[in-house]
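One letter stands for each residue in the lines below.
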Amino acid sequence: MFSNLPARVMLPDGPDVEHFDYGRVQIRRIRRRVDPMNGLTPEVTLRRAATLLNDRHHYASGAAPNWWIGVGTALGFAREGGFIAGDTDVDIRIGLDYAGNEAAFDTASEIVALFKRHGFRQYRELYWDGRIMQTALADTINNDVAVDLNYFYAGISDGHYVHLNDQTFRKKPRRLVDGKQAMRWPGHDDVIVNVPHPVEDYLVWRFGADWRVPQAKAPVFPGDQPCLLPLPKVTVLTYGTFDLFHHGHLRLLERAHAMGDQLIVGVVSDELCAIKGKKPCQDENERADAIRGLGIADEVFVQRELDQKERDIERFGVSYLVVGDDWKDHPRFEHVRGYKGVEIVYLPRTPDISSTQIRETTAAHEAAE
Ligand code: C2G
């Protein structure tokens, strides 16, 4: 089972943090206190947010994130020449590339960390199947005005960015976002925001053809629907000899299995073992059958070539390549790091047990008899 909360959440546990568990969706939040009588000025916060997002020097990759203003803010931009009266949050959308693993977190957590360093307080986050979908921050320097960052993923649905939350599933046409334009916020020449283009199409997409007519409540979004699109499965791959299957092997496979939705195991062929100078007691079919018999792996195959890792990563769509930490930093695994977005994970080896040890104690036993 894939755990719904990722290994690294951004909002750390604390006495104020509330958790909500809706199955595939997990929400964590701290109550936000805003004083609506305090003359809220969202453009001040928009200026601060846009400045942080636009400055590529803030980011490890040296590139500003792929961001644009959300529909609420865009409606104000195009229709009101500023924020809609009473709108007190800044809607920002971030485009991330989905590679089936936690790599997208790097951008999201970099943005959140940056905002925190500049006087924003994170008060909410939402994960969908362990992927970050929303982080909300309050601007402590400007009356706690909220910046709502929603993450949209490319790579799940052709031609769209996808966002999932507890109520809606949004497919945003890529053409609107990819053609976005950097524009000045009305009345504030120093505030540069990215606006999907053409902005009219963006607003029709969200609010329908009548978007110019102010309405008390936004109409139900025609594209909002129950989540029908399952995210691609998280696939975990591991290789090993697995001679004289023992509890060290079992623990490795159980932990690998727990990291994703499906586990694929490559069992090293007799021929490759011979090349590596290993002499297993069981042949490749016996070793593979022992793993099949566990029922923990979705696929077990015999690895016949030393350099087939890229091919396997590609054909199974692997997110995590897992192996015991006796292989830590070994070039045999390191050389595929990042290939098609794969992450390499070294799991701690179970102490005091190995195939070699079993072979040796058995041989000693037999010699004594
Ligand atoms: N393992 C473990 N704890 C042990 C023994 C083994 O966690 N006490 C793990 C190993 O780290 C490996 C897997 O179980 O990830 C299979 O172990 P071996 O059969 O010894 O496989 P090995 O020959 O290390 O195979 O090219 C690399 C090889 O394919 C890895």
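Quick caveat, the model's predicted, so the values are computed rather than measured. (Residues numbered from 1 in each chain as written. Predicted model: local features only at pLDDT ≥ 70, side-chain atom pairs only at ≥ 80, totals over all residues.)

Student: I tried to follow the overall build of the chain on my own but got confused; where do I start?
Tutor: Each helix and strand counted, the chain has 11 helices and 16 strands in total. In terms of overall dimensions, the chain has a C-alpha envelope of 90 × 40 × 35 Å along the principal axes. Relative to its full complement of 369 residues, the chain shows a buried share of 34%. (Helix = DSSP H or I, 4+ residues; strand = E, 2+ residues; numbered from the N terminus. Buried ≥ 20, exposed ≤ 12 C-beta atoms within 10 Å, placed from the backbone.)

Student: Can you help me understand the nonpolar core in this one?
Tutor: Generally speaking, a soluble globular protein has its nonpolar side chains buried in company with each other. With 53 residues, the main nonpolar core has A74, V147 and Y151 as its most contacted residues. The greatest single-element share of this core, amounting to 8 residues, is contributed by strand β7 (residues 145–154). Aside from chain neighbours lying at most four places away, what touches V147 is T45, A49, V90, I92, F120, A136, L137 and D139. Core analysis: the second largest hydrophobic core is formed by 24 residues, V267, I291, V318 and V323 among them. (Core = buried A, V, L, I, M, F, W, Y, C linked by C-beta atoms within 7 Å. Contact = placed C-beta atoms within 7 Å.)

Student: Looking at this structure, how should I read the environment of R79?
Tutor: Structurally, the position occupied by R79 is in helix α2 (residues 71–80). When the C-alpha positions of R79 and W211 are compared, they lie 8.5 Å apart, and in sequence the two are 132 residues distant.

Student: How do you make sense of the pairing of strand β13 (residues 262–268) when you look at a structure like this?
Tutor: Consecutive side chains along a regular strand alternate between the two faces of the sheet. Along β13, 6 of the 7 residues are buried, which leaves the element largely enclosed by surrounding structure. In the sheet, strand β12 (residues 235–240) pairs with β13 via 6 bridges, with the strands oriented parallel. Within β13, the position partnered with T238 by the bridge is V265. Traced from β12 through helix α6 (residues 247–258) to β13, the parallel crossover comes out right-handed. (Pairing = 2+ DSSP bridges. Right-handed = clockwise from strand over helix to strand, strands pointing away.)

Student: Teacher, can you tell me more about the site of the ligand here?
Tutor: Y239, G240, T241, G248 and G324 are the nearest of the 19 residues found near the ligand. When residues of the shell around the ligand are traced back to their parent elements, those giving at least two are β12, α6 and β15 (318–324). Top element by residues in the shell around the ligand is α6. It accounts for 3 residues. Split into classes, the residues belonging to the shell around the ligand amount to 7 nonpolar, 8 polar and 4 charged. (Near = placed C-beta within 6 Å. Nonpolar A, V, L, I, M, F, W, Y, C, P; charged D, E, K, R; others polar.)

Student: Quick question: what am I supposed to make of the sheet that holds β12 here?
Tutor: Sheets are built from strands paired through backbone hydrogen bonds, the pairs being either parallel or antiparallel. What the 5 strands build is an open sheet, ordered β14-β13-β12-β15-β16; its pairing is parallel. Two strands in the sheet have a free side with no partner beyond their single neighbour: β14 (299–303) and β16 (343–347). Direction aside, the axes of adjacent strands within the sheet are offset by 25° on average. Of the strands in this sheet, β12, β13, β15 and β16 are in contact with α6, which crosses β13 at around 145°. (Axes fitted to C-alpha atoms, helices over the stretch in contact; angles between N-to-C directions.)

Student: Is there a simple way to explain the domain arrangement of the chain in this structure?
Tutor: Interface size is commonly expressed as the accessible area that is lost once the parts come together. Here the domain parsing of the chain yields domain 1 (17–207) and domain 2 (235–368). Opposite the 5 residues of domain 1 that make contact, domain 2 presents 5 residues. Residues that form the side of domain 1 that touches domain 2 fall into these classes: 2 nonpolar, 2 polar and 1 charged. (Domains from an automatic or database assignment.)

Student: In this structure, what is going on with α6? I would like to understand it.
Tutor: Each turn of an α-helix holds 3.6 residues, which means side chains three or four residues apart point in the same direction. Across its 12 residues, α6 extends 16 Å between first and last C-alpha, which sits within 8% of the 16 Å expected from 1.5 Å per residue. In the core, the buried residues of α6 are packed alongside β12, β13, β15 and β16. (Expected span 1.5 Å × (residues − 1).)

Student: How do you make sense of unusual backbone geometry when you look at a structure like this?
Tutor: In the segment running from H197 into P198, the intervening peptide bond is cis, with an omega of -5°. With respect to the helices and strands, the residue P198 is situated in the loop between β11 (188–195) and α5 (199–207). Here D129, not a glycine, exhibits a phi torsion of approximately 50°, which is positive. Mapped onto the elements, D129 comes out in the loop between β5 (120–128) and β6 (131–139). Here D129 falls in the partly exposed class, since 19 other C-beta atoms lie within 10 Å of it. The backbone phi angle of K340 is positive, close to 55°, even though this residue is not glycine. With respect to the secondary-structure elements, K340 resides in the loop between α10 (331–334) and β16.

Student: How should the packing of α2 against α5 be read in this particular structure?
Tutor: Between two packed helices, both the angle of their axes relative to each other and the distance between the axes serve to describe the pair. Interhelical geometry of α2 versus α5 gives an angle of 130° and a closest axis separation of 10 Å. Considering their axes alone, α2 and α5 lie oblique with respect to each other. Handedness of the crossing formed by α2 with α5: left-handed. For the pair α2 and α5, contact is made by V71, A74, L75 and A78 and by V199, Y202, L203, R206 and F207, respectively. The residue makeup of the contact of α2 with α5, split by class, is 8 nonpolar, no polar and 1 charged. (Parallel < 35°, antiparallel > 145°, perpendicular 65-115°, else oblique. Left-handed = near helix turned anticlockwise from the far one by under 90°.)

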